[in-house]
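Chain by chain, the residues run as shown.
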Amino acid sequence: MTQLQTIKTGVCLAALFSGQAALADVTAAEVWESWKSNLDIYGEDGVTIGSEDIGGGTVTITDLSMAMDDGDTAVAGTIGNITFTENGDGTVAITMSDTLPITVTSSDGSSVDMSVTSTDLAITASGDPDAVSYEVSAEKYSFVVDNITEAGQTTDVEVVMTANNVAGEYLITAGDVRNFKYALTMASVDVLIDGKDPSTDSVVLVSGKINGLYVDADMDLPEGLSFEDPENIDLTNFAINAKYGLSDGAYIFDVTDGAENFAGSASTGSADVDISFYSQAVSYNVLTKNISVDTVVPDVPIPGMELPLALSLGEYGINVAFPLAKTEEPTDFALGLNLTDLTINDDIWAMGDPAGALPRDPITMQIDLTGTAKLFFDLLDPEQADAIAMADVPGELHSLSLNNLLVTAVGATLDGTGAFTFDNTDLTTIPDIPRPEGEVTLNLAGANKLIDTLIQMGLVPEDQAMGARMMMGMFARNVGDDQLTTTVEVNAEGHVIANGQRIR
């Protein structure tokens, strides 16, 4: 359901902006008809039009209202005026009201009044009925929250996000499956959140600037697709591939709740996100560089005190890819995490290591897994939801590769690679588990020195440390000064072998 809500929101916003941004043909009247057909996504009763005035190469629309309601949340917005004007050269200019008011109401009675405003918005459409191109530019494009009401009480809040120097183009191709391609750039985005909760006197202030934003997307939208009934939506021919990112950003924040205050700053370098979704599979990749946070944590380590907190991270990344539909043959999947060069200030280290016995080098944690698997169900099919919930497992694992494992912390380093295949027809060699076959190699450096340090700090008893050293000696080989390696193999007979020694 969460995925459907995310898709619903993204598609509806794209349709709204694309519709405003000039779904165009060679005449103004045809532009307007194309736009109306594209608003089918809002459902039969989702769009109302105050008036239409068509003639003389111009179409003028007043009070175009759009609404969505899924039972939990209702969203409604109105564009006061839209004008489509033929330029006489095969292009059409579109102008509209500078402000689009939007109201979001929840089933619990809470509501948010917001608006989208533009400055010097210019839209020009050209092309032919089957493939129309649009150029868009604006000095400013802003999203503003005007009021938040909850339990009958209105919160004094100002939320403004303003995109500066917006430029881009769209290409919309007609057909049974309409295709939307668009590319947008924004020189910067200014962010301001300034609010006060009258029931608690809590105050929140966040201010920031994001530079060098870009968005590139390619979306297939089936004709007649509607989100009126999200539980039974057919996403068979729906697909989206999108990339977005930024060059850098910087923020300050100041949150006061009663006597407690939490304030500081944060910044980030470049960030890139790549998303792909269609009925067969989904993937998500993100990489952000040079993250830093500098703040003070109140009432730590004891009430009344403040603990400085300064974190920096060279890289943060996540990658996920997996199938969504029933597969006859094993299909690729991936899972990865990247935390590179995490540094923590000495004040935090001193809470657990006041004498500075442990090395305080940057911490890194990386893991990269790929493999193949089969799914027994279509995960997005509402009719299969009960069967999925009742199944012991939704699919079967056929192969798994550890392409990279790297952990460096407190003077020790662990790295490894390996690969296994799984025989799902053999659940007896290892009871109830598909028989694995393959090997993994692990290397550990600095472990003995770390154990010595932990003993000196009183964190690890001598007898427990001796047991750990014996285990390492049994299953690993010494290949250098405080350097160990082990290769764990599972053979075709299900035997588990570590460095040539059978342990199962």
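The shown structure was predicted, so the numbers you read here are calculated from the model rather than taken from an experiment.

This part is about the overall build of the protein. A tally of regular secondary structure across the protein gives 6 helices and 26 strands. Put simply, the protein has 504 residues, and 35% of those count as buried. In the protein, of all internal contacts separated by at least 6 residues, the share reaching a separation of at least 24 is 57%. As displayed, the protein has an accessible area near 25,900 Å², and 56% of this comes from carbon and sulfur atoms. Positive and negative charge centroids in the protein, built from 18 and 78 side chains respectively, lie 11 Å apart.

One can find E52 in strand β1 (residues 47-55). For the pair E52 and E150, spaced 98 residues apart in sequence, the C-alpha separation works out to 37 Å. Beyond its immediate stretch of four places on either side in the chain, E52 contacts W32, K36, T60 and I61. For E52, the side chain forms a polar contact with the side chain of W32, separated by 2.7 Å.

In this model, the protein carries a mean pLDDT of 86, and residues with pLDDT of at least 70 account for 91%. Note on residues 1-25: pLDDT under 50 across the span, and 71 contacts to partners over four residues away in sequence or across chains.

Structurally, N164 is set in strand β9 (residues 153-173). In terms of polar contacts, N164 uses its side chain to reach the side chain of K140, at 2.9 Å. A polar contact of 3.1 Å, which involves the side chain of N164, links it to the side chain of D190. Not counting residues up to four positions away in its chain, the partners in contact with N164 are E139, K140, M186, A187, S188, V189, D190 and K209.

Each regular strand displays side chains that alternate between the two surfaces of the sheet. Pairing geometry for strand β4 (residues 92-96) and strand β7 (residues 122-128), over 3 bridges, is antiparallel. Across the sheet, the residue bridging to V92 is A125, located in β7. Two strands pair when backbone bridges link them, and β7 and strand β8 (residues 131-150) are joined in this way by 7 bridges, in the antiparallel orientation. When the bridges of β8 are listed, I123 appears paired with V136. As consecutive antiparallel partners, β7 and β8 are separated by 2 residues.

Attention now goes to the nonpolar core. Counting residues in hydrophobic clusters, the biggest one holds 53 residues, and the most contacted among them are W35, I79, I82, F84 and I94. Dropping the residues within four chain positions of it, I82 is found in contact with W35, V59, T60, I61, L64, I94, T95 and M96. In terms of nonpolar packing, the next biggest core, distinct from the first, is built from 8 residues, L402, L405, V440 and V490 among them.

It is worth spelling out the packing of helix α5 (residues 447-456) against helix α6 (residues 462-475) at this point. Close contact between α5 and α6 brings their axes to 10 Å; oriented N to C, the two are set at 170 degrees. Judged on the interaxial angle alone, α6 and α5 are roughly antiparallel. On α6, the residues that touch A447, N448, I451, D452 and I455 of α5 are E462, A465, A468, R469 and M472. Class assignment of the residues belonging to the contact of α5 with α6 gives a composition of 6 nonpolar, 1 polar and 3 charged.

Looking now at the environment of R502. Assignment of secondary structure puts R502 in strand β26 (residues 501-502). The exposure class of R502 is exposed, given its relative accessible area of 54%. Spatially, the C-alpha atoms of R502 and V490 are 9.6 Å apart, while their sequence positions differ by 12 residues. Once residues lying within four places of it in the same chain are set aside, the contact partners of R502 are H495, V496 and I497. Within the structure, R502 has its side chain in polar contact with the side chain of H495 (distance 3.3 Å).

For the rest of this paragraph, the subject is helix α2 (residues 28-38). Along α2, the residues that are buried comprise A28, V31, W32, W35 and N38. The arc enclosing the buried residues of α2, seen along the axis, measures out at 120 degrees, which places them on a common side.

Moving on, we get to unusual backbone geometry. Positive phi is not limited to glycine here, since N165 has a value of about 50 degrees. With respect to the helices and strands, the residue N165 is situated in strand β9. Here D482, not a glycine, exhibits a phi torsion of approximately 55 degrees, which is positive. By secondary structure assignment, the location of D482 is in the loop between β23 (477-480) and β24 (483-490).

Quick look at the packing of aromatic side chains now. Applying the stated criterion across every chain yields a total of 4 aromatic pairs. For the pair F238 and F277, a centre-to-centre distance of 6.2 Å together with 55 degrees between the ring planes defines the contact as tilted. Pair noted here: F238 is in the loop between β11 (202-222) and β12 (239-246) and F277 is in strand β15 (residues 271-278), with a separation of 39 residues, a long-range link. Assigned by exposure class, F238 and F277 land together as buried. On the basis of an interplanar angle of 35 degrees and a centroid distance of 5.6 Å, the ring pair of F253 and F262 is categorised as tilted. Assessed through its relative accessible area of 34%, F262 is described here as partly exposed.

Rules of the game
- Residues numbered from 1 in each chain as written.
- Predicted model: local features only at pLDDT ≥ 70, side-chain atom pairs only at ≥ 80, totals over all residues.
- Heavy atoms only, no water.
- Helix = DSSP H or I, 4+ residues; strand = E, 2+ residues; numbered from the N terminus.
- Buried < 20%, exposed > 50% of the residue type's maximum accessible area, 1.4 Å probe, protein only.
- Contact = heavy atoms within 4.5 Å.
- Areas by Shrake-Rupley, 256 points an atom, 1.4 Å probe, with all protein chains shown as cover.
- Lys, Arg positive; Asp, Glu negative; His and termini not counted.
- Charge placed at Lys NZ, Arg CZ, Asp CG, Glu CD.
- Polar contact = N/O pair within 3.5 Å; in protein donor to acceptor, adjacent residues only side chain to side chain.
- pLDDT = per-residue confidence, 0-100.
- Pairing = 2+ DSSP bridges.
- Core = buried A, V, L, I, M, F, W, Y, C linked by side-chain atoms within 4.5 Å.
- Axes fitted to C-alpha atoms, helices over the stretch in contact; angles between N-to-C directions.
- Parallel < 35°, antiparallel > 145°, perpendicular 65-115°, else oblique.
- Nonpolar A, V, L, I, M, F, W, Y, C, P; charged D, E, K, R; others polar.
- Arc of directions from axis to C-beta.
- Phe/Tyr/Trp six-rings, centres within 6.5 Å; stacked < 30°, edge-to-face > 60°.

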